[in-house]
Amino acid sequence: MKDIMFNRHRRLRQTENMRSLVRETHLRKEDLIYPLFVVEGENIRNAVSSMPGVFHISMDNLKAEMDEIVSLGIKSIILFGVPAEKDDLGKQAYHEHGIVQRATRFVKELYPEMVVVADTCLCQYTSHGHCGIVKEGKILNDPTLDLLAKTAISQAEAGADIIAPSNMMDGFVAAIRRGLDEAGFTEVPIMSYAVKYSSSFYGPFRDAAHSTPQFGDRRTYQMDPANRLEALREAQSDIEEGADFLIVKPALSYMDIMREVKDRFNAPVVAYNVSGEYSMVKAAAENGWVNEKEIVMEKLTSMKRAGADLIITYFAKDAAGWLS
Ligand code: PBG
């Protein structure tokens, strides 16, 4: 034994204090963005069956929810609207009194410091469930851009602090940036869903947001999970068009992409820890197969290690509580 040479990595792992001294990655409450589903109607706080712990919340129940979020130390939310009416042009997405616009005004009045991110898309609002204008079974790119810019402007008028377009039409960042600037919102940043894969991990969300496409799928606009270089081209375009943040979505199966995006671009990177990633942990935890707290903290920390500066996650409230 005496003459073998080897390194003693275990020296730095001996005690909890020693381990925390050399810990490289830290998850903070400030890193978390909590998604909320706001619905029309009154006195609604309905559990979303595919996402245990996630609720549809009507405006009159939003105060209680916001109080809890604030008391946990969460500083940022992302709003998703579930409108009562849908039509082929998704008009409720850019209506002055649309559900996201009303919820944004309400939250900003109640908690002016809260960073409100507005998801900018059409799929919850269109009768066909696609993220763009549909003609003869095709999703039209350029005509959709005007509607997205209109949506972003109406969200900024309502007080949204950040616009987060998730539709994956080409040129959406450029169109929204120009629209916001012309409307005087030069200071409102764009958190672009720059790298968004066409993923089965969105299943539970579509249940929650009532946004399942009524025909076909999203593969002509969302990305092929097999592609890496395409992700870099998408991120590059969004930076050139004026994106302030780059989202990589989903998170867990795309950590390699997150790292590359972080290394190549000088913008904050946001991991979207999506619904399927959430519900799978919930199901396993409910069955007693995994330790929920440990699994969740491990996953969120891993996303940060992979390059995420921020994380959009349905676990934000749980994680904030555990971090206290
Ligand atoms: C669509 C949108 C999706 C999600 C957020 N906005 C997915 C989709 O249906 O394509 C998914 C979020 C999640 O799964 O948590 N604009």
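Anything mentioned here points back to the structure above.
Residues numbered from 1 in each chain as written. Predicted model: local features only at pLDDT ≥ 70, side-chain atom pairs only at ≥ 80, totals over all residues. Heavy atoms only, no water.

**Side note on the overall build of the protein chain**
Along its length, the protein chain carries 11 helices and 12 strands. Against the compact-globule benchmark of 20 Å for 324 residues, the protein chain has a radius of gyration of 20 Å, which places it among compact chains. Principal-axis analysis of the C-alpha atoms gives the protein chain an extent of 75 × 45 × 40 Å. Put simply, the protein chain has 324 residues, and 53% of those count as buried. In the protein chain, 74% of the contacts between residues at least 6 apart in sequence involve partners at least 24 apart. Carbon and sulfur atoms make up 49% of the accessible area of the protein chain, which totals about 15,400 Å². Within the protein chain, one finds 38 positive and 46 negative side-chain charges whose respective centroids are separated by 8 Å. (Helix = DSSP H or I, 4+ residues; strand = E, 2+ residues; numbered from the N terminus. Rg over C-alpha atoms; globule rule 2.2 N^0.38 Å. Buried < 20%, exposed > 50% of the residue type's maximum accessible area, 1.4 Å probe, protein only. Contact = heavy atoms within 4.5 Å. Areas by Shrake-Rupley, 256 points an atom, 1.4 Å probe, with all protein chains shown as cover. Lys, Arg positive; Asp, Glu negative; His and termini not counted. Charge placed at Lys NZ, Arg CZ, Asp CG, Glu CD.)

**Here's the deal with the nonpolar core**
Grouped together as the largest cluster of nonpolar side chains are 104 residues, with contacts concentrated most on Ile-77, Met-191 and Val-195. Beyond its immediate sequence surroundings of up to four residues, Met-191 is in contact with Ile-33, Val-117, Ile-162, Ile-163, Ala-164, Pro-165, Phe-245, Ile-247, Val-270 and Leu-310. (Core = buried A, V, L, I, M, F, W, Y, C linked by side-chain atoms within 4.5 Å.)

**A few points about empty space enclosed by the protein**
Under the counting rule described, the total for this entry stands at 3 cavities of 30 Å³ or more. Taken as a whole, the largest cavity holds about 160 Å³ of empty space. Lining the largest cavity are 19 residues, and of these Cys-123, Lys-196, Tyr-202, Phe-205 and Lys-249 lie nearest its centre. Among the residues making up the lining of the largest cavity, the classes are represented as 9 nonpolar, 5 polar and 5 charged. (1 Å grid on protein atoms, 1.4 Å probe; cavity = no way out; pocket = protein on both sides within 12 Å on 5 of 7 lines; lining within 4 Å. Points joined across faces, edges and corners; volume = space filled by probe spheres on them. Nonpolar A, V, L, I, M, F, W, Y, C, P; charged D, E, K, R; others polar.)

**Structural notes on the site of the ligand**
With respect to spatial proximity, 16 residues lie near the ligand, and among them Arg-206, Gln-222, Lys-249, Ser-275 and Tyr-314 are the closest. With respect to the ligand, the side chain of Lys-196 contributes an N or O atom lying 3.4 Å from a nitrogen atom. Out of a free accessible area of 400 Å², the ligand has 100% covered by protein chains. Judged by its atoms lying within 2 Å of the grid points, the ligand is housed in the largest cavity. (Near = heavy atom within 4 Å. Polar contact = N/O pair within 3.5 Å; in protein donor to acceptor, adjacent residues only side chain to side chain. Sits in = over half its atoms within 2 Å of the grid points.)

**A closer look at the environment of Lys-299**
Relative to the assigned elements, Lys-299 resides in helix 10 (residues 292-305). In sequence terms Lys-299 and Asn-273 are 26 residues apart; their C-alpha atoms lie 9.3 Å from each other. Apart from residues lying up to four places away in sequence, Lys-299 is in contact with Leu-252, Glu-277 and Val-281.

**Focus: the packing of helix 10 against helix 11 (residues 316-323)**
Running from amino to carboxyl end, helix 10 crosses helix 11 at an angle of 100°, the nearest separation of the two axes being 11 Å. On the basis of their axis angle, the class for helix 10 and helix 11 is roughly perpendicular. Residue-level inspection shows Glu-292, Lys-293, Val-296, Met-297 and Leu-300 of helix 10 in contact with helix 11, the latter providing Asp-318, Ala-319, Trp-322 and Leu-323. In terms of residue class, the contact of helix 10 with helix 11 is made up of 6 nonpolar, no polar and 3 charged. (Axes fitted to C-alpha atoms, helices over the stretch in contact; angles between N-to-C directions. Parallel < 35°, antiparallel > 145°, perpendicular 65-115°, else oblique.)

**Re the pairing of strand 3 (residues 55-58)**
Put simply, side chains in a regular strand alternate between the two faces of the sheet. As defined by bridge partners, strand 1 (residues 32-39) adjoins strand 3 across 3 bridges and the pair is classed as parallel. When the bridges of strand 3 are listed, Val-39 appears paired with Ser-58. By the bridge criterion, 3 bridges tie strand 2 (residues 45-47) to strand 3 in an arrangement that is antiparallel. Opposite Arg-45, over in strand 3, you have Ile-57 as the bridge partner. (Pairing = 2+ DSSP bridges.)

**Observations concerning a nonpolar patch on the surface**
On the surface, Leu-12, Leu-21 and Val-22 cluster together into a nonpolar patch covering about 290 Å² of accessible area. Note on placement: Val-22 falls in the loop between helix 1 (16-21) and strand 1. (Patch = residues over 30% accessible without salt bridge, like charges linked within 9 Å, V, L, I, M, F, W, Y side chains within 5 Å. Salt bridge = Lys/Arg side-chain N within 4 Å of Asp/Glu carboxyl O.)

**Regarding the pattern of salt bridges**
Under the counting rule described, the total for this entry stands at 20 salt bridges. One salt bridge connects Asp-244 with Arg-177, and the closest N-O pair in it is separated by 4.0 Å. In this pair, Asp-244 is assigned in the loop between helix 7 (229-241) and strand 10 (245-249) and Arg-177 in helix 5 (residues 172-182), connecting sequence segments 67 residues apart. With a relative accessible area of 13%, Arg-177 lands in the buried category. The shortest N-O distance in the salt bridge between Asp-217 and Arg-219 comes to 3.3 Å. When salt bridges with common partners are traced through the structure, they connect Arg-45, Glu-65, Glu-68 and Lys-317 into a single cluster.

All quantities given are derived from atomic positions and should not be read as evidence of function.
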